[in-house]
Amino acid sequence: MISNLTLSLSPSEAFSEINLKHKVREELGLKETDELHILLQKRSIDSRQRSIKVNVSLQAFVNEPLKEELIAVTYQQVAEKKKEVVIIGAGPAGLFAALRCLELGLKPIIFERGKDVKNRRRDLAKLNKEQLVNPESNYCFGEGGAGTYSDGKLYTRSSKRGDVVKILKSLVHHGADKTILVDAHPHIGTNKLPKIIENIRQTILDFGGEIHFNSKLVDVTIDKEKIQSINVLNLNTEQSTTYNAQYLILATGHSARDIYQLLNDKNIAIEAKPFAMGVRIEHPQEMIDSIQYHCNIKQLGDVREFLPAASYSLVQQVNGKGVYSFCMCPGGIIAPCATAQEEVVTNGWSPSKRNNPYANSGIVVGLDATDWSAFSSHKNLAALELQKQLEHKAWIAGGKTQTAPAQRLLDFIENKTSGTLPSCSYQPGITPVNMEALLGNTMGKALKEGFKSFGAKMKGYLTNEAVIVGVESRTSTPVRIPRDRETCQHIQIKGLYPCGEGAGYAGGIVSAAMDGERCVDEIFKIPTL
Ligand SMILES: Cc1cc2nc3c(=O)[nH]c(=O)nc-3n(C[C@H](O)[C@H](O)[C@H](O)COP(=O)(O)OP(=O)(O)OC[C@H]3O[C@@H](n4cnc5c(N)ncnc54)[C@H](O)[C@@H]3O)c2cc1C
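Residues numbered from 1 in each chain as written. Predicted model: local features only at pLDDT ≥ 70, side-chain atom pairs only at ≥ 80, totals over all residues. Heavy atoms only, no water.

A. Up close: the overall build of the chain. Scanning the chain for helices and strands turns up 14 helices and 22 strands. What you see for the chain is a C-alpha radius of gyration of 24 Å, in line with the 24 Å of a compact globule of 529 residues. With the C-alpha coordinates aligned to their principal axes, the bounding extent of the chain is approximately 75 × 65 × 40 Å. Sorting the 529 residues of the chain into buried and exposed places 57% on the buried side. Pairs at least 24 residues apart make up 72% of the contacts formed inside the chain by residues separated by at least 6 positions. Accessible surface computed for the chain: about 23,100 Å², of which carbon and sulfur atoms make up 49%. In the chain, which carries 63 positive and 58 negative side-chain charges, the distance between the mean positions of the two groups comes to 2 Å. (Helix = DSSP H or I, 4+ residues; strand = E, 2+ residues; numbered from the N terminus. Rg over C-alpha atoms; globule rule 2.2 N^0.38 Å. Buried < 20%, exposed > 50% of the residue type's maximum accessible area, 1.4 Å probe, protein only. Contact = heavy atoms within 4.5 Å. Areas by Shrake-Rupley, 256 points an atom, 1.4 Å probe, with all protein chains shown as cover. Lys, Arg positive; Asp, Glu negative; His and termini not counted. Charge placed at Lys NZ, Arg CZ, Asp CG, Glu CD.)

Okay, here's the thing in structure tokens:
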């Protein structure tokens, strides 16, 4: 017998396999001799009331084997295939473009400026401990892209842009936990992502694709408005090589400023686009748990061990500007995400268990052309110049190292200097500054009002135990590489496919992965010459 059940359970029933089985047995009135297998289908926490509930949908297989829908992935051997797709960047967009090539029988050739995940880790350690930024290998550049050392949140609002479940299934096929197919807000965690990325690399290599690390795109050759070839610099040998490229997927992410410059210099259309900047805020995780679970978390007893670290999502309009939380990392760490030495950039990550004592989130202000009018002489790169300027100012304010400028939250709102700062997860360290002076009037004022409204929504959020750390500047790209809506090709250059977050067509791991697939689907439609 197979029964479909939807249950409203306590956290200890929902998150413990033994307790869940016991509950289902009770619900179905099973005998002790009945064999039971459970297939979870959906799981979401409802903490709106004082008594926290978990809504669970599942299939119960009684006295019959579990029938799990297989994760169908059919890759073809492409080593000898004629139609090659050159992909720049091994972030989620580039890697999922390559996997899609294998499904469709096209040969993917990836060039990635950074290192493989293992070697990349050493550069991250240097960044955290010695404050040294390797401009080719950091939190943004290297195998897996910006998503590798992240929280690995997998929810997206872009479900219309592609098949979200297919991306999640592919991640499970490459080693992610099956719960990402079930949880309402799935995430993977920094400790588990690198292995999954390595497995994806292995699939690409096993099925005849190519991946070249330490290989940076430095030039493109265009003839008659069609892409002809690319120049790739090997960062180990410093040799530059020309490769033919009939189909070029440009998935270089939002931090590849040299790529925007290259396109601009070659008169290949790019345009400034709205983006957002602000700060990262950090609270003690227990404080956020208590607010979100409506209790003093310390007094919750046994239930606590079954509850995940709580998150939040906040948004407020302030004088026509959107102020919102971005990339919230429960139980996480604030990361130094600069890609050059003379800038300070923050973002956040969490391990799979989200068990660090801090909760951090970007709190950012939406910016548009009026905000970068002072940089209008830079034309298409004006928004990028505003972003660069703020990151450089943060570097100066922090003392010209990766130490980040910071201020206690209430002090920021009340214009007071923070004499001391609370302990903070940001490893290179933080130093007290006047954050409003750093951020400027527009962002400073909007953030203050935004925080006040967040304090009204989440009682206890406004506290001097929270610290704001600057600057959160790489929420999305300040430049779009425009492409045709239908064919995904650049509006001027045939064969060039601007893709993923750096081109302005994605904002997160899953949407970037879906965009990678979409570009390959369009290339596949073009008949082979
Ligand atoms: C610390 C951190 C935490 C994050 N947390 C989350 C999260 O929890 N959930 C989520 O959805 N998103 C998260 N993000 C955002 C997410 O990582 C990005 O949206 C996503 O990675 C974008 O994918 P992409 O493939 O378009 O670009 P990227 O991931 O940026 O990949 C671009 C790749 O191109 C390479 N490249 C750049 N220039 C060149 C060149 N000239 N030649 C060759 N290669 C080049 C880069 O080295 C990089 O590997 C996080 C980002 C960071 C930095």
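B. Representation of the sheet that holds strand β7 (residues 215-223) in the model. With antiparallel pairing, the three strands of this open sheet are ordered in space as β7-β8-β9. The strands lining the two open edges of the sheet, one partner per strand, are β7 and β9 (240-244). Geometrically, the sheet is characterised by an average inter-axis angle of 25° between neighbouring strands, direction not taken into account. Sheet topology places β7 next to strand β8 (residues 226-234); eight bridges connect them, and they run antiparallel. Note on β8: the bridge partner recorded for Ile222 is Ile227. (Pairing = 2+ DSSP bridges. Axes fitted to C-alpha atoms, helices over the stretch in contact; angles between N-to-C directions.)

C. Spotlight on empty space enclosed by the protein. Tallied over the entire structure, the rule returns one cavity of 30 Å³ or more. As for the largest cavity, its lining consists of 13 residues, and the residues nearest its centre are Pro92, Leu171, Leu193, Ile197 and Ile509. Put simply, the parts of the chain that give the lining of the largest cavity at least two residues each are α3 (92-104) and α6 (193-206). (1 Å grid on protein atoms, 1.4 Å probe; cavity = no way out; pocket = protein on both sides within 12 Å on 5 of 7 lines; lining within 4 Å. Points joined across faces, edges and corners; volume = space filled by probe spheres on them.)

D. Layout of the pattern of salt bridges. Tallied over the entire structure, the rule returns 36 salt bridges. Of the charged contacts, one joins Lys216 and Glu136 as a salt bridge, the two residues approaching to 2.9 Å between their closest N and O atoms. Of the two residues, Lys216 is situated in strand β7 and Glu136 in the loop between α4 (117-130) and α5 (164-173); the sequence distance between them amounts to 80 residues. You'll find Lys216 and Glu136 in the same group, each marked buried. Measuring nitrogen to oxygen at the nearest pair gives 2.9 Å for the salt bridge that ties Lys153 to Asp151. Residue Asp151 is classed as buried on the basis of its relative accessible area of 0%. (Salt bridge = Lys/Arg side-chain N within 4 Å of Asp/Glu carboxyl O.)

E. Geometry of the domain arrangement of the chain. Along its sequence, the chain is carved into domain 1 (2-62), domain 2 (84-270 + 482-524) and domain 3 (275-472). Put simply, the middle of domain 2 and the middle of domain 3, counted by C-alpha atoms, are 27 Å apart. In this complex, domain 2 contributes 28 residues to the contact, which on the side of domain 3 involves 29 residues. Buried surface at the junction of domain 2 and domain 3, both sides included, amounts to about 2,300 Å², of which 49% is carbon and sulfur. The largest per-residue losses of area from domain 2 upon contact with domain 3 belong to Gln131, Val133 and Arg257, which jointly make up 29% of the total buried on that side. At the surface where domain 2 touches domain 3, the tally comes to three salt bridges. The salt bridge involving Arg257 is made with Glu391; its shortest N-O contact spans 2.8 Å. (Domains from an automatic or database assignment. Buried area = accessible area lost by both parts, 1.4 Å probe.)

F. Layout of the packing of aromatic side chains. This model, assessed by the stated rule, comprises seven aromatic pairs. With a centroid separation of 4.7 Å and an interplanar angle of 50°, the aromatic rings of Phe111 and Tyr243 are classed as tilted. Of this pair, Phe111 sits in strand β5 (residues 107-111) while Tyr243 is found in strand β9, placing the two residues 132 residues apart along the sequence. Residue classification places Tyr243 among the partly exposed residues on the basis of a relative accessible area of 30%. Aromatic pair Phe412 and Phe451: ring centres 6.2 Å apart, planes at 90°, arrangement edge-to-face. One end of the pair, Phe412, is in helix α10 (residues 409-413); the other, Phe451, is in helix α12 (residues 441-457), with 39 residues separating them in the sequence. Residue classification places Phe412 among the buried residues on the basis of a relative accessible area of 1%. Residue classification places Phe451 among the buried positions, given a relative accessible area of 0%. (Phe/Tyr/Trp six-rings, centres within 6.5 Å; stacked < 30°, edge-to-face > 60°.)

G. Spatial organisation of α5. Turning to α5, its buried residues are Val164, Ile167, Leu168, Ser170, Leu171 and Val172. Looking at the buried residues of α5, the elements they touch are α3, α6 and α14 (509-525). With a side-chain oxygen positioned 3.3 Å from the backbone nitrogen of Val165, the residue opening α5 is Asp163. Gly175 sits one or two positions beyond α5 and adopts a positive phi of about 120°. (Polar contact = N/O pair within 3.5 Å; in protein donor to acceptor, adjacent residues only side chain to side chain.)

H. Fine view of the nonpolar core. By size, the foremost hydrophobic cluster in this structure holds 60 residues, and its most contacted members are Ile110, Tyr139, Leu171, Ile180, Ile188, Ile204 and Ile249. Of all elements in the fold, only β4 (84-88), α3, α4, α5, α6, β15 (333-336) and α14 reach the threshold of two or more residues within this core. Considering every element that reaches this core, the biggest residue donor is α3, with nine residues. Structurally, this core is a two-domain feature, drawing no fewer than three residues from each of domain 2 (84-270 + 482-524) and domain 3 (275-472). The contacts of Ile188, once residues within four sequence positions are left out, are Asp151, Gly152, Leu154, Leu171, Ala176, Ile180, Leu193, Ile196 and Ser352. (Core = buried A, V, L, I, M, F, W, Y, C linked by side-chain atoms within 4.5 Å.)

I. Layout of the pairing of strand β2 (residues 36-46). Sheet analysis places β2 next to strand β3 (residues 53-62), joined by 10 bridges and oriented antiparallel. Paired with Ile38 across the two strands is Ala60, which belongs to β3. The hairpin formed by β2 and β3 contains six residues between the paired strands.

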